[in-house]
Amino acid sequence: MKHRQRNIILLLLLLASLRIAAQVPDWYEAANRKTHYPSESWYTGFVMGEQRDGEALEDTYARLKTEARAELVSTIRTSVEHNSIDRTQSDLEHSSSTFDERIMETYVSDTRVRSNITDIPGLKVEAWRKGDGTIAAFAYVRKITLSSQLIKRIALGIAKIENSIDQAETLLAEGRTLDARQVVKTGLQQLREVEDAQSLLNIVDETADEDILQYSQTRNMQQRLGALDTQLKNAIKVYIDCRASLFDTDYTNLTGSVRGELSSLGVTFVTSPEKADWAVYVNASAREDVCSRFGSTAVYSAYVDVSVAIDKNNGQRIYEEQLKSERGTHTANFAEAARIAYKKITPLIEETIKQYMQ
């Protein structure tokens, strides 16, 4: 009976050990990683760690997965540093006579200095906990999969940019400059995403040539978007109704300052809100506070109160607020104190308006 019980116990221990062995991922041992995830075909990142005091287990998993991903990214950055200079020379020497070498030089140079690798298509991250509580995390992506995903991303991105350009040109022709400018902003963001994908592909795939990377198409998109962006900035029409008082007189300096700041955006000013893409309304007034005396010296203080409202060209009010009052002081009189307050609050007025127009 005892012999039978011992055999059962041994069998259970054997089954338990086999179960544990079966649960160990193939990437845990260094030798297995080298066999199953060779560096010639994979980018990988492997880390190990333990749960910190007071740290939730799920947070430990998340932290180590992030570290494994960062380790993988560091291998790509190492490839950038080691390969980019050689790739530049090789690409320029072997490119066709019709290929614009300046484009290749520009993009490869960008790749060499680019370090913000944030999006790696096809990347997977796993984590496993040993019986002693140690947690291992492994990030991996097959190079051919990464290359294929990047090629698709570039092609899809360029198609999106072309659509954005066509849409912006149509809206501009219809006189919908604000909508057109928003579409151009989207196109510029799409362009940056394509450039990121090109930069990464240029490193991870040594077979990527001009046709695959689509540098010339991207340069064309960049020029067209840039031209549209400049045209739209100059096409935006703004109406300003700025009313500012310095007690019983008008304070015209505020109008001049706001118009001057908006001019830096390249806008055109119009004389009626019906003709404008943006209508801006500013109402400001000064009020006396107190006059304090320190011996023979008098110190005057005054406040400036400002409200700002902004309408889009369809009459929709998108902003209307009373700004925080600003206080100014001067030893001459209340009027000079109010001028100080106006100077202090003017930048806030300008930034409030500009953030809705850029």
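Structure shown above.
Our subject in this report is the structure included herewith. Bear in mind the structure is a predicted one, so any value in this text is a computation, not a measurement. (Residues numbered from 1 in each chain as written. Predicted model: local features only at pLDDT ≥ 70, side-chain atom pairs only at ≥ 80, totals over all residues. Heavy atoms only, no water.)

Here we come to the sheet that holds strand β3 (residues 135–142). One open sheet accounts for 3 strands, arranged β1-β3-β2; its pairing is antiparallel. One side of each edge strand has no neighbouring strand; the edge strands of this open sheet are β1 (42–49) and β2 (124–129). Here the average twist between neighbouring strands, direction ignored, is 15 degrees. Of the strand pairs in this sheet, β2 and β3 are connected by 6 bridges, and their pairing is antiparallel. Across the sheet, glutamate 126 pairs through a bridge with phenylalanine 138, a residue of β3. Along the sheet face, helix α5 (residues 143–173) touches β1 and β3 and points at about 55 degrees away from the line of β3. (Pairing = 2+ DSSP bridges. Helix = DSSP H or I, 4+ residues; strand = E, 2+ residues; numbered from the N terminus. Axes fitted to C-alpha atoms, helices over the stretch in contact; angles between N-to-C directions. Contact = heavy atoms within 4.5 Å.)

Here strand β4 (residues 237–246) runs beside strand β7 (residues 278–294); their pairing, made up of 8 bridges, is parallel. Its bridge partner being in β7, tyrosine 239 is matched across the sheet by alanine 279. Where β7 folds back on strand β8 (residues 297–312), the antiparallel hairpin that results is connected by 2 residues, among which glycine 295 adopts a positive phi of roughly 70 degrees.

Moving on, we get to unusual backbone geometry. Backbone phi values are negative for most residues with the exception of glycine, while trans is the configuration of most peptide bonds. One non-glycine residue, glutamine 214, adopts positive backbone phi at about 55 degrees. Topologically, glutamine 214 is positioned in the loop between α7 (210–213) and α8 (215–235). In the Ramachandran plot, phenylalanine 247 falls in the positive-phi region, its phi being about 60 degrees despite a non-glycine side chain. Looking at the element boundaries, phenylalanine 247 is found in the loop between β4 and β5 (249–250).

Let's shift gears to the packing of α5 against helix α6 (residues 177–204). Relative orientation of the contacting elements α5 and α6 amounts to 160 degrees, with a least axis distance of 8 Å. As the angle between them shows, α5 and α6 are arranged roughly antiparallel. Considering the relative orientation of α5 and α6, their crossing is left-handed. Within the contact of α5 with α6, the residues separate by chemical class into 18 nonpolar, 8 polar and 3 charged. (Parallel < 35°, antiparallel > 145°, perpendicular 65-115°, else oblique. Left-handed = near helix turned anticlockwise from the far one by under 90°. Nonpolar A, V, L, I, M, F, W, Y, C, P; charged D, E, K, R; others polar.)

Turning our attention to the nonpolar core. With 38 residues, the main nonpolar core has Ile120 and Leu146 as its most contacted residues. Of all elements in the fold, only β1, α3 (57–94), β3, α5, α6 and α8 reach the threshold of two or more residues within this core. Contacts of leucine 146, omitting those with residues within four sequence positions, involve Tyr43, Ile120, Pro121, Val141, Leu200 and Val204. Grouped together as the second largest cluster of nonpolar side chains are 36 residues, Leu178, Ala298, Tyr319 and Ile349 included. (Core = buried A, V, L, I, M, F, W, Y, C linked by side-chain atoms within 4.5 Å. Buried < 20%, exposed > 50% of the residue type's maximum accessible area, 1.4 Å probe, protein only.)

The topology assignment puts aspartate 119 in the loop between α4 (101–113) and β2. By relative accessible area, which is 43% here, aspartate 119 ends up partly exposed. Beyond its immediate chain neighbours, meaning those up to four positions away, aspartate 119 contacts Arg69, Arg153 and Leu200. At 2.8 Å, the side chain of aspartate 119 and the side chain of arginine 153 are in polar contact. (Polar contact = N/O pair within 3.5 Å; in protein donor to acceptor, adjacent residues only side chain to side chain.)

Two faces, one strand: in a regular strand the side chains alternate between the faces of the sheet. One ladder, built from 15 bridges, connects β7 with β8; its direction is antiparallel. The partner of serine 292 across the bridge, within β8, is valine 299. Bridge count for β8 against strand β10 (residues 326–330) is 5 bridges, and the pairing is antiparallel. Bridging from a neighbouring strand, serine 301 pairs with threonine 329 of β10.

What follows is about the pattern of salt bridges. What the rule picks out here adds up to 18 salt bridges. Of the charged contacts, one joins glutamate 169 and arginine 224 as a salt bridge, the two residues approaching to 3.8 Å between their closest N and O atoms. With a gap of 55 residues between them, glutamate 169 in helix α5 and arginine 224 in helix α8 connect regions that are remote in the sequence. Owing to a relative accessible area of 31%, arginine 224 belongs among the partly exposed residues under this scheme. With a shortest N-O distance of 3.4 Å, glutamate 320 and arginine 317 are connected by a salt bridge. Relative accessible area serves as the criterion here: at 53%, glutamate 320 is assigned to the exposed category. (Salt bridge = Lys/Arg side-chain N within 4 Å of Asp/Glu carboxyl O.)

The relative placement of two aromatic rings is captured by the distance of their centres and the angle of their planes. In total, this model carries 12 aromatic pairs according to the counting rule given. Aromatic pair tyrosine 37 and tryptophan 42: ring centres 4.9 Å apart, planes at 75 degrees, arrangement edge-to-face. The exposure class assigned to tyrosine 37 is buried, which follows from its relative accessible area of 12%. Between the aromatic rings of tyrosine 37 and tyrosine 140, the centroid separation amounts to 5.4 Å while the plane-to-plane angle is 55 degrees, which identifies the pairing as tilted. One end of the pair, tyrosine 37, is in the loop between α2 (30–36) and β1; the other, tyrosine 140, is in strand β3, with 103 residues separating them in the sequence. Taken together, the aromatic side chains of Trp27, Tyr28, Tyr37, Trp42, Phe46, Trp128, Phe138 and Tyr140 make up a single cluster linked through ring pairs. Positioned above the aromatic ring of phenylalanine 46 is the side chain of arginine 33, whose terminal nitrogen or guanidinium carbon lies 3.7 Å from the ring centre. In this arrangement the basic side chain of arginine 259 is found over the ring face of phenylalanine 269, its NZ or CZ atom lying 4.2 Å from the centre. (Phe/Tyr/Trp six-rings, centres within 6.5 Å; stacked < 30°, edge-to-face > 60°. Lys NZ or Arg CZ within 6 Å of the ring centre and 35° of its normal.)

To continue, consider the side chain of aspartate 311. Inspection of the secondary structure puts aspartate 311 in strand β8. Since its relative accessible area comes to 11%, aspartate 311 is described here as buried. Side chain to side chain, aspartate 311 and arginine 317 meet in a polar contact 2.7 Å long. With near-sequence residues (within four places) excluded, aspartate 311 lies in contact with Asp277, Trp278, Ala279, Tyr281, Gln316 and Arg317.

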